[in-house]
Amino acid sequence: MRIWLKLGKVVAFCLLWPLAALSQHYQSHQLSGQQLLINTDQGQLALTFYQDAVLEVWHQPVGRAQQPSLIIGTAPEPVELWLDEQPGVMTFGSHSLKVKIEKSPLQLSFYYQDKLISRETAAAVANAEAFSLDFALTPDEKLFGAGQRVLGMDRRGHSLPLYNKAHYGYGTHSTQMYFSLAGVMSSQNYMLLFDNGATGQLDLGHSEANTLTFAAQGGRSSYLIVAADNSPQLIERYVSVSGKPPLPARWTLGNYASRFGYRTEAEARAVVKKFRDKQLPLDAIVIDLYWFGPDIQGHMGNLAWDKQAFPEPEKMLADFAADGVHTILVTEPFVLTTSTRWQEAVDAGAMALGPDGTPKTFDFYFGNTGLIDVFKPEAVDWFWQIYRGLLQQGVAGIWGDLGEPEVHPADTLHQLPGLGALAADQVHNAYGHRWAELVHQGYLQDFPEQRPFIMMRAGSLGSQRFGMVPWTGDVDRSWDGLKPQVELALQMGLFGFGWIHSDLGGFAGGEVFDAELYTRWMQYGVFQPVYRPHAQEHIAPEPVFQGDEVINRLRPWLELRYRLLPYNYTLAWQHSQSGMPLMRPLYFADESQLALRDETNSYLWGEAFLVAPVTEPGVSRWPVTLPGGVWFDYFSAKRYDQAGTVQVPVKLDTIPVLVKAGSFIPMTRALERTADYRSEQLELHYYHDHSVSAASGQLYEDDGQTPDAYAKGQYELLQFDVKAAQHQLAFSFSRSGGDYQGKPDSRELTLLVHQQPRRPKAVTVNGRDIRIERRLSRFNRQQNVAYYDVGKGQLWVKMHWQGAEQQLQITYQ
């Protein structure tokens, strides 16, 4: 959000500080548990294995203050380690990862499975704050990461500022945005992650072609190196140490009503009613800054309902909740000196200070303001008691906006326990992280039975463990704004931020409603993690205001979003277990094809779908990159069996959506709200092809709201398997897990087998023959029955599934 401010700080400091090389020289060492501590003539170097293939490297020069870790969220796992010492060199390692330590001068080289993957070539320090680290790159290495940028997937060759900064109205190019993550993932299957929240710079072979340089104006002088055999394994190992993203409530996957902004309770109620009247699904409403004041300026920091505009907020919240609509409120970390809470915040010691020891104040668009010091325990307590009150009223989710922070004067001082006052540049990129942590910890303490919803615009590596739901900021409402959304989401997903999403339809600018652009963006949104149209109010972002033609075109897409709820919720659960993003780069299908790593339009939605958003107007065909294998057009059923680029026909009511052969896709009926979801009746689609001899899929189920349901055993995991022979398809279905509220004793499962060119001879369930009807009407009236659609080449089988296991066999002539 926010359209006006142009002030954000430009990071002008240069990588080429007059840094003095540490030139460390080994003096002694000691091995304690999983840490090798090396004493040098400049201080200490700690090498700690957190897992077999995850190593923390922590330079600790004498006299340098070290901030708490941002990245690490778990304790080290037991790892069997070894140490070999030879003249002039030591090697410290696990089963798969080792570091070779040259003693004089001290230099580190990292090997995974005995292959060199990275090498620290230089460490330097300028003073008690600034430092830099250099690493060698191989000539053909591709680098992904550094956060939100619009530069293409491979960020090598760029020198990028590490300073979270709003970019209002961005389009097809941006070097600096809301999340400037201090880390990279290499095509050589390692991650280099700098545990640092200070203002900095990341040079990815720009100044020197085969050198990566990280530099920062403060913060912690440590990094993690993660190694693996492939990218999904890298992500899983990283989040296992950093902290896995928790599974949010099921309603998170529904449709949101959101704009800048609903000005009154009456307007908010009218919007919800309009969705219900139009019979379009809705699960959440997002209320922007007018909830605490009638104008954009002058009220930020009130953080209390404006009773003139919202006279009965608690009743409104309760009425929405009864209708299955969850209310999300915006909050900002700025408290204006004109707000009703200014003095309260000052008295509580909640505001960041200036050099004179008084609350730091400054002007920005919204008024004269101070900034809440989220690093300070007193500020955390003060801010959380406001959130606690709102959640007790019935607010379902917290939206944290402007959290870069959008304006952060360099002489602002933040109080870190044990470290005293630190200037803004030493902690800038950690601000959003600590804000999210504040809210997350508050939820755990005071609302332990509720899954947190925390939507934030900025953070750092490690913020995913607080359940952060990030978005791609104030994108331009244009085709140029739509084009980079896949790239932005894929880059963030590689680093654990699987809930990244865009303001559907675009946020900023636009003078005339563009129905085609809006349609294309909303179609893409069905296959992004959060379905939230949001924009400046002069053009309504909600589909219910767009007229019957647009509504009727989008209705099937909204229905598809809700019909895919079982599939999407399973993706969300998988993300919470392994960090595997919901939106996945196309190269995940075949990492041996290096060219696929550069793809910024076609992507994978889970394992089953390949999606390519249409990002230009007036097209009848759209280029889609295929990774190989067999894929079917979701709409036309056309079969593709080649690798490379194909032209897929599209109309205004379709975009390229392909399904991988051998995929199981669980679906439900069309819903108006996720609260209506029940898994007693499920559709299971299987996309058969003669090239697939065996396939499997799964469906995760719980009550959709209990925190840590999987760890508590309050879930059910449905497993689907199929084996194909020349004249037979043999399906097996199994269930595992425990009990949970609403768990069905049995299910009515309808299996739809696609790409069936011939009528089967027989269908059996648990060894018993079932009738194959020739008429759909008769099939619909019966149970334990099959139907073969000759025209579509589809076989439908309805069966009652009650036991732990079920067998189904299809036999052909």
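Predicted model only: the values in this text are computed from it and were never measured.

Caption draft 1: Just the overall build of the protein, in detail. Across its full length, the protein carries 13 helices and 48 strands. Its C-alpha atoms give the protein a radius of gyration of 27 Å, near enough to 28 Å, the size a compact globule of 813 residues would have. Residue burial in the protein is summarised as follows: out of 813 residues, 62% are buried. For the protein, contacts bridging at least 24 residues in sequence account for 69% of all contacts bridging at least 6. Surface summary for the protein: the accessible area is close to 28,200 Å², and the carbon and sulfur share equals 47%.

Caption draft 2: Main features of the confidence of the model for the protein. With 97% of its residues at a pLDDT of 70 or more, the protein shows a mean pLDDT of 95. Contacts for the low-pLDDT stretch residues 1–18, under 50 throughout, to residues beyond four places or in other chains number 65 contacts.

Caption draft 3: Spotlight on the packing of aromatic side chains. Considering all chains together, one arrives at 55 aromatic pairs under this definition. Relative to Tyr223, the ring of Phe135 lies with its centre 5.1 Å away and its plane at 90 degrees, an arrangement referred to as edge-to-face. A residue pair is termed long-range when its members are at least 10 positions apart, and Phe135 in strand E11 (residues 131–136) and Tyr223 in strand E18 (residues 222–227) qualify at 88 residues. When the ring of Phe527 is compared with that of Phe609, the centres are 5.6 Å apart and the planes differ by 50 degrees; the resulting orientation is tilted. Of this pair, Phe527 sits in the loop between helix H10 (515–525) and helix H11 (547–563) while Phe609 sits in strand E32 (residues 609–611); the two residues are 82 residues apart in sequence, bridging distant segments of the chain. We classify Phe527 as buried; its relative accessible area is 0%. Among the aromatic residues, those joined into a cluster by ring pairs are Trp382, Phe383, Trp384, Tyr387, Trp435, Tyr443 and Phe447. The cationic tip of Lys103 hangs over the ring face of Tyr26; the distance from NZ or CZ to the ring centre is 4.4 Å. When the ring centre of Trp801 is taken as reference, the NZ or CZ atom of Arg735 above it lies at 5.8 Å.

Caption draft 4: The arrangement of the side chain of His428 in detail. One can find His428 in the loop between helix H6 (424–427) and helix H7 (431–446). In this view, His428 contacts Tyr163, Asn164, Gly197, Thr199, Glu404, Pro405 and His408; residues no more than four positions away in its chain are not counted.

Rules of the game
Residues numbered from 1 in each chain as written. Predicted model: local features only at pLDDT ≥ 70, side-chain atom pairs only at ≥ 80, totals over all residues. Heavy atoms only, no water. Helix = DSSP H or I, 4+ residues; strand = E, 2+ residues; numbered from the N terminus. Rg over C-alpha atoms; globule rule 2.2 N^0.38 Å. Buried < 20%, exposed > 50% of the residue type's maximum accessible area, 1.4 Å probe, protein only. Contact = heavy atoms within 4.5 Å. Areas by Shrake-Rupley, 256 points an atom, 1.4 Å probe, with all protein chains shown as cover. pLDDT = per-residue confidence, 0-100. Phe/Tyr/Trp six-rings, centres within 6.5 Å; stacked < 30°, edge-to-face > 60°. Lys NZ or Arg CZ within 6 Å of the ring centre and 35° of its normal.

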